Amino acid sequence: MLKTVEISKELTRDSIRKLIEKTTDAIHVPGFYPADLSAEFAHRIASHSELEAYKIQSALKRLGMGYVDVEKSTENASRYHSEAVRSIWGIRDMMYPHLSPMDHFRLLLEEVWPAGATIENIDGQKSFVGTCRVIEPGARMLPHNDRLGRMLIDGTSDLTGQLAVNIYLEMSDAGGELELWLTEPTPEQDEEQVTRDGIDRDGLGEPRVVIRPGNGDLVLFNSQLIHCVTPAEGSRRVTTSCFVGYRGEDKPLTYWS
């Protein structure tokens, strides 16, 4: 029998630990960031001159290079790290004098986790954190999971847990829900993700959890499990996001995009 779905409504040491241990299925904090500031930030992101489309489809756009864009290229990795801190500052300046939603999250994470939290270091260099995404109506994504080790050039990481973090700034009129299957990919599905950026939905069955956040909401889930986003309908969906890495209860959490 399937276990009962468990969703925590607060960001605490206990809720983070349970999410990593897979005894909680998601953390959903409504109203994490004020709705009026969320709307203002979403507008500034969507109209930013450096907003660029992903290679896979033009209806999916980003501000800030994520490590997924490195694609195991040393040249791309060099660009990613050289732009990391400047990009963090640039996104922070977009909301000045207000605290940005990602900075708000980073401060709380530092405070609630006993060993603190810090920017992920890859090959002795700081990572970017706080990718902003605009999903226009019609953009479609395949179910997938995210593991830092798979993205690194050497293919390995010392992380023992990884969470995805999304702060929803503007939700579409319909669609844009987060889908969670609460299962890890099989080896065959892992290989499928390498060749086609995702997993065939038809072989997965229905997701166990579907979350429709509101503007300003914070959602965390286990990124090593299969997840997806339904297509936005009627209007765009704007988020800012990152990952959180876990190496043990006595170690600092790390974050990156």
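Residues numbered from 1 in each chain as written. Predicted model: local features only at pLDDT ≥ 70, side-chain atom pairs only at ≥ 80, totals over all residues. Heavy atoms only, no water.

(A) Region of the structure containing the packing of aromatic side chains. All chains considered together, the criterion is met by three aromatic pairs. Ring centres 5.0 Å apart and planes at 90° place the aromatic pair Tyr-67 and Tyr-80 in the edge-to-face group. Linking Tyr-67 in the loop between strand 4 (60-63) and helix 3 (74-95) with Tyr-80 in helix 3, this pair joins segments that are 13 residues apart in sequence. Residues Tyr-67 and Tyr-80 agree in their burial class; the two are buried. Here the aromatic rings of Phe-243 and Trp-256 are separated by 5.7 Å at their centres, their planes lie at 35°, and the arrangement is tilted. Remark: Trp-256 occurs in strand 17 (residues 253-256) and Phe-243 occurs in strand 16 (residues 237-246); sequence separation between them is 13 residues. Pair check on accessibility: Phe-243 and Trp-256 agree, each one buried. The lysine or arginine in question, Arg-62, covers the ring of Tyr-54, its NZ or CZ lying 5.9 Å from the ring centre. (Phe/Tyr/Trp six-rings, centres within 6.5 Å; stacked < 30°, edge-to-face > 60°. Helix = DSSP H or I, 4+ residues; strand = E, 2+ residues; numbered from the N terminus. Buried < 20%, exposed > 50% of the residue type's maximum accessible area, 1.4 Å probe, protein only. Lys NZ or Arg CZ within 6 Å of the ring centre and 35° of its normal.)

(B) Broad picture of the pattern of salt bridges. Per the counting criterion, the structure on display carries 22 salt bridges. For Asp-14, the salt bridge is made with Lys-18, and the minimal N-O distance between the two is 3.3 Å. With Asp-14 and Lys-18 both in helix 1 (residues 13-21) and four residues apart, this pair spans about one turn of that helix. Note that Arg-17 and Glu-249 form a salt bridge whose closest N and O atoms lie 4.0 Å from each other. With Arg-17 in helix 1 and Glu-249 in the loop between strand 16 and strand 17, this pair connects stretches of sequence that are 232 residues apart. (Salt bridge = Lys/Arg side-chain N within 4 Å of Asp/Glu carboxyl O.)

(C) Examining empty space enclosed by the protein more closely. Scanning all chains against the criterion turns up three cavities of 30 Å³ or more. Quantified by volume, the largest cavity comes out at close to 70 Å³. For the largest cavity, the full set of lining residues is Ile-88, Ile-91, Arg-92, Ser-100, Met-102, Asp-103, Arg-106, Val-129, Gly-130 and Thr-240. Among the secondary structure elements, those contributing two or more residues to the lining of the largest cavity are helix 3 and helix 4 (101-112). Counted by class, the lining of the largest cavity contains four nonpolar, three polar and three charged residues. (1 Å grid on protein atoms, 1.4 Å probe; cavity = no way out; pocket = protein on both sides within 12 Å on 5 of 7 lines; lining within 4 Å. Points joined across faces, edges and corners; volume = space filled by probe spheres on them. Nonpolar A, V, L, I, M, F, W, Y, C, P; charged D, E, K, R; others polar.)

(D) Local environment of the sheet that holds strand 11 (residues 178-180). Reading across the sheet, the three strands line up as 12-11-14 and stay open at both edges, with antiparallel pairing between neighbours. At either end of the open sheet lies a strand with only one pairing partner, and these are strand 12 (209-211) and strand 14 (227-229). Each neighbouring strand pair of the sheet contributes to a mean axis angle of 20°, computed without reference to strand direction. The pairing of strand 11 with strand 14 spans three bridges and is antiparallel. Each residue of the ladder has a partner; that of Leu-178, found in strand 14, is Val-229. (Pairing = 2+ DSSP bridges. Axes fitted to C-alpha atoms, helices over the stretch in contact; angles between N-to-C directions.)

(E) Geometry of the pairing of strand 8 (residues 131-135). A large share of strand 8 lies buried, amounting to four of its five residues. Where strand 4 and strand 8 come together, four bridges link them in antiparallel fashion. Within the sheet, the bridge partner assigned to Lys-61 lies in strand 8 and is Val-134. Of the pairings in the sheet, the one linking strand 8 to strand 16 comprises five bridges and is antiparallel in character. What sits directly across from Thr-131, in strand 16, is Ser-241.

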